[in-house]
Amino acid sequence: MKDTYRHKGLRKKLVDTLRKKGISNEHVLTAIGQLPRHFFLDKAFEEWAYTDKAFPIGNEQTISQPFTVAYQTELLDPQPREKILEVGTGSGYQAAILALLGARVYTIERQELLFKQASKMLTQLSLGNVRCYYRDGYKGLPEFMPFDKIIVTAGAKKVPEALLEQLRIGGILVIPVGKEVQSMLKITRTGEKEYRQEIKGDFKFVPFVKGLNKEE
Ligand code: SAH
């Protein structure tokens, strides 16, 4: 895995593009400027790794568009040492961004193959504070609750109850909800049984699916 001056230059341009599209959190932009996205993609897509597009990563899944990663991360506003659960590890790119921001990241994936690939990549990058699990996001990760923040990177039909329960009071859940197109929801837990919901822009995600998928 090589990260050349050319890659670094392309990353700088990507950061400029994201800034123009409205991303303003400097910590988020710095993390995107640091992390080699081409490490998380198939060699065939290396040329396009720094365009603002989603790409296939196998098992009919995709690495999210950089704008989407930046947008969700900005809504989550991760702080150093915060305990964050990500549902939908995919390539591991979003998890790596959260780790670069200093969060303690727990990421879960229902596709065994992607779980294995992403765990390997995240270990190689020695980002230390990321742990990967092969789990169903509908159930969350109860043994490590409560989380300061939770981010879902697949399109859900409704908000899973378990995720609401695993959020600490004052915590934030960012989740895209909808069938064909998803609205980004930012949900803040304001009390034991109280939640406040804000509706943000529209996005298109791969579906949030129940149950685990074993490697063939
Ligand atoms: N965050 C990823 C984006 C991956 S796409 C990245 O940065 O690359 C969404 C991922 O969510 C897919 O890999 C899909 O398999 C996974 N997913 C869908 N439903 C899930 C569920 N119930 N539990 C865990 N992961 C799920």
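Up top you'll find the structure we're talking about.
**Q** Help me understand the packing of aromatic side chains in this model?
**A** One pair of aromatic rings is described through two measures. These are the centre distance and the angle between the planes. Summed over the entire model, instances satisfying the criterion amount to 12 aromatic pairs. Here the aromatic rings of Phe 115 and Tyr 134 are separated by 5.9 Å at their centres, their planes lie at 25 degrees, and the arrangement is stacked. In this pair, Phe 115 sits in helix H5 (residues 112–124) while Tyr 134 sits in strand E5 (residues 130–134), placing the two residues 19 residues apart along the sequence. Ring geometry for Tyr 133 versus Phe 144: centroids 5.7 Å apart, planes at 45 degrees, classification tilted. Of this pair, Tyr 133 sits in strand E5 while Phe 144 is found in the loop between E5 and strand E6 (147–152), placing the two residues 11 residues apart along the sequence. Three or more aromatic residues joined by ring pairs form one cluster here, namely Phe 67, Tyr 71, Phe 203 and Phe 205.

**Q** Please explain helix H4 (residues 93–100) as it appears in this structure.
**A** An α-helix turns once every 3.6 residues. As a result, residues three or four positions apart point the same way. Most of H4 is tucked away: 7 of the 8 residues are buried. Three or more residues of H4 are buried, namely Tyr 93, Gln 94, Ala 95, Ala 96, Ile 97, Leu 98 and Ala 99. At the exit of H4 stands Gly 102, carrying a positive phi of roughly 95 degrees.

**Q** Hey, could you run me through the sheet that holds strand E3 (residues 83–87) in this one?
**A** By way of backbone hydrogen bonds, the strands of a sheet pair with one another, either parallel or antiparallel. Pairing is mixed in the open sheet, where 7 strands are placed in the order E5-E4-E3-E6-E7-E8-E9. Since the sheet does not close on itself, it has two edges, and those belong to E5 and strand E9 (195–203), each with one partner. Averaged over neighbouring strand pairs, the angle between their axes works out to 15 degrees when direction is ignored. Relative to strand E4 (residues 104–109), E3 runs parallel, the two being bridged by 5 bridges. Across the sheet, residue Glu 86 finds its bridge partner in E4, namely Thr 107. Against the sheet, H4 engages E3, E4, E5 and E6, with an angle of about 170 degrees to E4.

**Q** Would you explain the pairing of strand E7 (residues 167–177) in this entry?
**A** Strand residues, when the strand is regular, have side chains that alternate between the two faces of the sheet. Within E7, 8 of the 11 residues are buried, which leaves the element mostly enclosed by the surrounding structure. Where E6 lies against E7, 4 bridges are found, and the strand directions are parallel. Each bridged residue has a counterpart across the sheet, and for Phe 147 the counterpart in E7 is Leu 167. Bridge count for E7 against strand E8 (residues 182–189) is 6 bridges, and the pairing is antiparallel. Of the residues in E8, the one forming a bridge with Pro 176 is Met 184. Hairpin connection between E7 and E8: a loop of 4 residues separates the two successive antiparallel strands, and Gly 178 in this loop has a positive phi of roughly 150 degrees.

**Q** So what exactly am I meant to see when it comes to the pattern of salt bridges here?
**A** Where charged atoms of side chains with opposite charge meet at close range, the side chains can pair. Per the counting criterion, the structure on display carries 15 salt bridges. Glu 26 serves as the salt-bridge partner of Arg 19, at 2.7 Å between the closest nitrogen and oxygen. In this structure, the salt-bridge partner of Lys 200 is Glu 198, at a minimum N-O distance of 3.5 Å. Overlapping salt bridges, with partners in common, bring together Glu 112, Lys 116, Lys 214 and Glu 215 in one network.

The rules we used
Residues numbered from 1 in each chain as written. Predicted model: local features only at pLDDT ≥ 70, side-chain atom pairs only at ≥ 80, totals over all residues. Heavy atoms only, no water. Phe/Tyr/Trp six-rings, centres within 6.5 Å; stacked < 30°, edge-to-face > 60°. Helix = DSSP H or I, 4+ residues; strand = E, 2+ residues; numbered from the N terminus. Buried < 20%, exposed > 50% of the residue type's maximum accessible area, 1.4 Å probe, protein only. Pairing = 2+ DSSP bridges. Axes fitted to C-alpha atoms, helices over the stretch in contact; angles between N-to-C directions. Contact = heavy atoms within 4.5 Å. Salt bridge = Lys/Arg side-chain N within 4 Å of Asp/Glu carboxyl O.

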